[in-house]
Amino acid sequence: SIPQTIPCLIIEKFRNMVTAEPNLKDAGSGAMLLAYLSRIGIESEAADDLIDRDPNTADLKFLLQSHLKAVPFENLGQISHPAGGDGVPAIPTVLHRPTLDLKKTLKKIVFDRRGGFCWELNYAFAWLLRSLGYTTRVGNSSVMHPGGPSPGHLCIFVEGLGADVIHVDPGFGDAPRVPVPAKVGNAVTDDMIGDTYTFRNNDDPEAFSQTPEHFKRFPIVMMRTRNTGIRGSPMVEFGVGPLGAVPEMAPPEPIYFLNFNDNMESDDMEAIVGIAHALVDGEENLFSQKRMCIMVREKGYDFVGS
């Protein structure tokens with residue numbers, strides 16, 4: 001017999017749980033989803049409620065900012081580390097070397113509590129969003145450097161939350177901290193640090209020192225106006241940008257180039273070439289030359305590097 005003190009609704013809930021057809025694969029995916037949400041600070045009832053809700057723009061922003069504040073942008077896995085004092089062992093690059101293998105990336109981020117760079121963080125975040133019911137696409141992009149655009153980045157497009165596709169990018173060390181509608185001319189201000197972002201047409205083949213192939217491939221450029229000038233960027237400490245820059249409101253600057261129509265899978269040749277650019281060992285690739293870890297904070301960032 002059933003004790004009368006147990007509410008009928010609770011009894012029915014647990015009866016449904018017991019009699020449901022078991023699906024071990026779904027259970028494993030659900031466990032990974034809960035672990036990922038816990039990794040970015042979303043626990044217990046908050047995680048259950050988020051899973052139960054339909055995709056929406058408020059949760060997308062919450063997920064993006066939670067991810068940025070919990071998972072560092074770092075390249076420590078692609079550089080070997082010598083043994084240190086007090087019995088600290090040497091760490092070879094093979095332990096956490098960046099990869100396009102999503103299983104390994106999820107293990108690194110969720111269970112090993114590490115970070116990564118764009119090819120890891122953005123494919124992992126896309127998995128998280130898809131597991132929560134969001135419709136996403138991954139897009140290739142090239143980052144603006146002093147000598148012109150350089151390949152080796154990607155971003156995420158989220159569909160189905162309104163009239164406009166939405167751009168998010170938790171995998172950039174100096175990332176927009178808010179979702180930005182993938183729409184030319186629509187300015188969005190970051191509510192954490194006050195930077196403003198807008199997309200504009202890449203309509204001048206002579207601009208940005210780009211090649212004709214690059215101009216054809218990437219018709220859009222993301223622009224940013226910094227609230228505190230270039231000196232507010234962690235990329236300055238990493239070695240990209242002038243250290244002596246003054247902290248005034250900066251003029252609009254190109255961040256990276258993209259294509260709103262992209263839908264790139266991790267086994268596409270562009271993805272393979274992109275991660276190769278980030279991993280190549282050479283003086284022109286700062287990721288292979290300098291250790292760095294960037295942690296986003298509510299009003300800035302912490303940088304550790306050498």
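Rules used throughout
- Residues numbered from 1 in each chain as written.
- Predicted model: local features only at pLDDT ≥ 70, side-chain atom pairs only at ≥ 80, totals over all residues.
- Heavy atoms only, no water.
- Helix = DSSP H or I, 4+ residues; strand = E, 2+ residues; numbered from the N terminus.
- Buried < 20%, exposed > 50% of the residue type's maximum accessible area, 1.4 Å probe, protein only.
- Salt bridge = Lys/Arg side-chain N within 4 Å of Asp/Glu carboxyl O.
- Polar contact = N/O pair within 3.5 Å; in protein donor to acceptor, adjacent residues only side chain to side chain.
- Pairing = 2+ DSSP bridges.

Colleague: So, the environment of A278: which residues are in play, and what are the values?
Modeller: Residue placement: A278 occurs in helix α9 (residues 269-279). Classification of A278 by relative accessible area gives buried; the value is 7%. For A278 and H153, which are 125 residues apart along the polypeptide, the C-alpha to C-alpha distance reads 8.3 Å.

Colleague: Please provide a residue-by-residue account of the pattern of salt bridges, values included.
Modeller: All told, the structure shown has 14 salt bridges when counted by the stated rule. A salt bridge links D59 to R53, with the shortest nitrogen-to-oxygen separation between them at 2.8 Å. Residue classification places R53 among the partly exposed positions, given a relative accessible area of 38%. A salt bridge links R137 to E159, with the shortest nitrogen-to-oxygen separation between them at 2.9 Å.

Colleague: Summarise helix α5 (residues 102-111); cite the residues concerned and give the values.
Modeller: Looking at α5, one finds that the buried residues are T105, L106, K108, I109 and V110. With a side-chain oxygen positioned 3.1 Å from the backbone nitrogen of K103, the residue opening α5 is D101. Of the residues trailing α5, R113 is marked for its positive phi of about 55 degrees.

Colleague: Now, about the pairing of strand β9 (residues 253-258): what can you tell me, with residues and values included?
Modeller: By the criterion of burial, β9 is predominantly enclosed, with 5 of the 6 residues buried. Two elements, strand β2 (residues 135-145) and β9, share 3 bridges in a ladder whose sense is antiparallel. When the bridges of β9 are listed, V143 appears paired with Y256. For strand β8 (residues 220-225) and β9, the ladder comprises 5 bridges, and the chain directions are antiparallel. Opposite V221, over in β9, you have F257 as the bridge partner.

Colleague: Before we move on, can you summarise the sheet that holds strand β11 (residues 300-305) with the specific residues and values?
Modeller: Here 3 strands make up an open sheet; going across it, the order is β1-β10-β11 and the pairing antiparallel. Lying at the two open borders of the sheet, with one neighbouring strand each, are β1 (73-74) and β11. Here strand β10 (residues 292-297) pairs with β11 via 6 bridges, running antiparallel. Paired with M292 across the two strands is G305, which belongs to β11.

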